[in-house]
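Read off the chains here:
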Amino acid sequence: MAILKCKTCGAKVKTEDGKFTATCEYCGNEMTVFESTAEFEVDSKGTLVQYNGKGGDVVLPDGICVVGEKCFIGNERIFSVVLPDTVKEIKSSAFEGCTELEDLNLPDSLETIGEYTFYGCSSIRKITIPKNIIAIKEGCFEGCTSLEKVELNNLRRLESEAFKGCKKLRAVHFAGYLKSLGSYCFQECISLSEFGFDSIEIIGEHCFDNCLSLSAVEIPSSVGIIEPYTFSGCIKLESLNLNEGLETISKYAFRNCVALKEISFPNTVRNIDKEAFHGTDKLNVQKIKLSPNCKDTAFISNFFPLLETVEIPEGVERISEYTFYNCENLKSITLPKSIKRIDSHAFDESGIEDIVFNDGLEAIDEYVFDSCFALKELKFPDSVETIDKDAFGSGEFENVKVIKLSANCHDNDFLEDRFPNLETVIIPEGIEVIGNHWFYKCKELKNVSFPSTLRAIEEYSFSHCEKLEEVFFPLFLKTIDKYAFCCTGLKRVEFNEGLEFLGEGVLCKCPELRTVITPSTLKVIPRAAFAYDEIIQVWIKEGCEKIEADAFSGDAHYSGKRAGSMWFDAKTIIYLPTSIREFSANS
């Protein structure tokens, strides 16, 4: 309601709320709430349509209800504006580009501020939003480069770009009712060092993009998703507290947040985009705690080179490719039972020394441990079914001393020419075949025990294991292929009853070998089987039918061959059974 003075009779006339015209009850004169002047153009509804004044300090007269769209746009002559208590709305772009406007009072009567209302008002330093305003619309204060402080009072919503580019904005205060922050809302607010998120439910993409001074963020449980680029480029962000309720972290959400040192993901997090922490700069994060409900670890890949500690809870199902690639400071890790698979290159070129695998792991892909030369021991659980032959890439793992194989992984070609200093190997029950070259040139191998399930030892399996002095062959072993124990440190070999086949050169060049006992089930002593050994006693049991060429070539010489006889000289005694039917040339 406004009180007007009738220009005809001088009587005071009251207007009704919401009415922009009044009739004098004494003389019948029709009046408007506010009449246009040379300085202010006002329509019949009380809307200020155009300002034509000289600028400076502008005081809008009582009675104006609406400051119209673009009515002050681009006016670089006004320094301050006082709005009357009758103003309820400021329409879009009303003060856009008023670069010299410093002081502005927003009356308590104000209910609506339109889009881009103060866009580019680069001299405004402080704004207090009246209690009746519930939303700041798109771009409202964008580019207010001198704005330092904002009081939001009862505000519920900030729309997109509301304070974008307010480079001096240091603090934003609100009464706890704010629920939604639109996209790009505070982008490029490079002086904003803190922001209270307590009541926030929605944070739009790019909201705090390049807020270079923002040092601490606590995401409340009411926020379910962090949108793309939300905190991208926040280079001073050190403290990040993510609360239960958060489910998704989107692409580039924390891009180039290089000051982060520790990240703990709540249990509710299910999805972390693989590029959530992407950036041209490497992050300084040293510790990460994963969420049990986040199945994929790809987000870590190649972005955390200084990572030292990783806590992986039960629930995580796979280690994604390149997850810990080049994490040189990561020395130890324990994988929970829920991990089913380790994807390619997962630990490639990391500094991992100790890794604990738990039952549940099923597959290890190619190049998982490529160049992980600090590894000390490998104990694979029996749940492992597949280890890619290139799981350890190329090169020699000189620090690995102990290996335990999985009972259910029957193809262990990854062992080939990889572990020269291996001292102990544990081959569990269930393994039926020891493959070609598995332990070839393991020069420090001293201890190996064979499971009762073993059926075959393939060629060169233990060749050049120079410190291997003793082995016990299981009862059901059928085959030991060529050169399997060539150049070992074995001193005494008693083959198991049931053995049916020995390959060429199986025990040749064993300089410490002194005693050999063959089983009755072995029909043929193969070519060069014991060549160049220093054997003292050879017991060939009844059942053997043939000794092939050069079987004992290079051993102590004996003259003559005769079945059922004992032949010897000063060094070697060979007991030949009556079952022998054939001697090959030079046998």
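The paragraphs below set out a description of the structure included in this document. This is a predicted model, so every value here is computed, not measured.

1. Quick word on the environment of Asp62
Position of Asp62 among the secondary structure elements: in the loop between β7 (56-59) and β8 (66-67). With relative accessibility at 60%, the residue Asp62 sits in the exposed group. On a C-alpha basis, the gap between Asp62 and Ile480 in space is 106 Å, while along the polypeptide they are 418 residues apart.

2. Regarding the pairing of strand β20 (residues 216-219)
Of the two faces of β20, only the one carrying Val217 and Ile219 is buried; Ala216 and Glu218 on the other face are not. As paired elements, β20 and strand β22 (residues 239-242) share four bridges and run parallel to each other. In the strand pairing of β22, Val217 is matched with Leu240.

3. Some points on the sheet that holds strand β30 (residues 341-342)
As summarised here, the arrangement of the four strands in space is β28-β30-β32-β34, forming an open sheet in which the pairing is parallel. This sheet does not close on itself; its edge strands, each paired only once, are β28 (318-319) and β34 (386-387). Pairing between strand β32 (residues 363-364) and β34: two bridges, direction parallel. Residue pairing for β34: Ile364 is matched across the bridge by Ile387.

4. What about the packing of aromatic side chains?
Centre distance and the angle of the planes are the two values used to describe a pair of aromatic rings. The final tally for this structure, using the stated rule, is 46 aromatic pairs. Between Phe195 and Phe208, the ring centres sit 5.3 Å apart and the planes meet at 65 degrees, which makes this aromatic pair edge-to-face. Of this pair, Phe195 sits in the loop between β18 (180-181) and β19 (202-203) while Phe208 sits in the loop between β19 and β20, and the two are 13 residues apart along the sequence. This pair shows no difference in class: Phe195 is buried, exactly as Phe208 is.

5. What about the nonpolar core?
Judged by nonpolar contacts, the single largest core of 172 residues is most densely connected at Phe95, Phe118, Phe186, Phe208, Phe439 and Phe485. In this structure Phe118 touches Ile90, Phe95, Leu104, Leu106, Ile113, Ile124, Cys140, Phe141, Glu142 and Cys144, once residues within four positions along its chain are discounted. Listed in part, the six residues of the second largest apolar core include Tyr483, Cys486, Cys508 and Ala528.

6. Here's the deal with the sheet that holds β7
Taken in spatial order, the three strands of this open sheet run β7-β9-β11, and their pairing is parallel. For this open sheet the edge positions go to β7 and β11 (103-105), each flanked by a neighbour on one side alone. Going from strand to strand, the sheet's axes swing by 15 degrees on average, the running direction of each strand aside. Relative to strand β9 (residues 78-82), β7 is paired through four bridges, and the arrangement is parallel. Looking at β9, one finds that Gly56 is bridged to Ile78.

7. Section: the side chain of Ser579
Tracing the sequence through the fold places Ser579 in the loop between β48 (573-575) and β49 (582-583). Residue classification places Ser579 among the buried positions, given a relative accessible area of 11%. Reaching out from Ser579, the side chain makes a polar contact with the backbone nitrogen of Gly543 at a distance of 2.9 Å. In this structure the side chain of Ser579 is engaged in a polar contact, spanning 2.6 Å, whose partner is the backbone oxygen of Cys544. In this structure Ser579 touches Lys541, Glu542, Gly543, Cys544 and Glu545, once residues within four positions along its chain are discounted.

What counts as what
Residues numbered from 1 in each chain as written. Predicted model: local features only at pLDDT ≥ 70, side-chain atom pairs only at ≥ 80, totals over all residues. Heavy atoms only, no water. Helix = DSSP H or I, 4+ residues; strand = E, 2+ residues; numbered from the N terminus. Buried < 20%, exposed > 50% of the residue type's maximum accessible area, 1.4 Å probe, protein only. Pairing = 2+ DSSP bridges. Phe/Tyr/Trp six-rings, centres within 6.5 Å; stacked < 30°, edge-to-face > 60°. Core = buried A, V, L, I, M, F, W, Y, C linked by side-chain atoms within 4.5 Å. Contact = heavy atoms within 4.5 Å. Axes fitted to C-alpha atoms, helices over the stretch in contact; angles between N-to-C directions. Polar contact = N/O pair within 3.5 Å; in protein donor to acceptor, adjacent residues only side chain to side chain.

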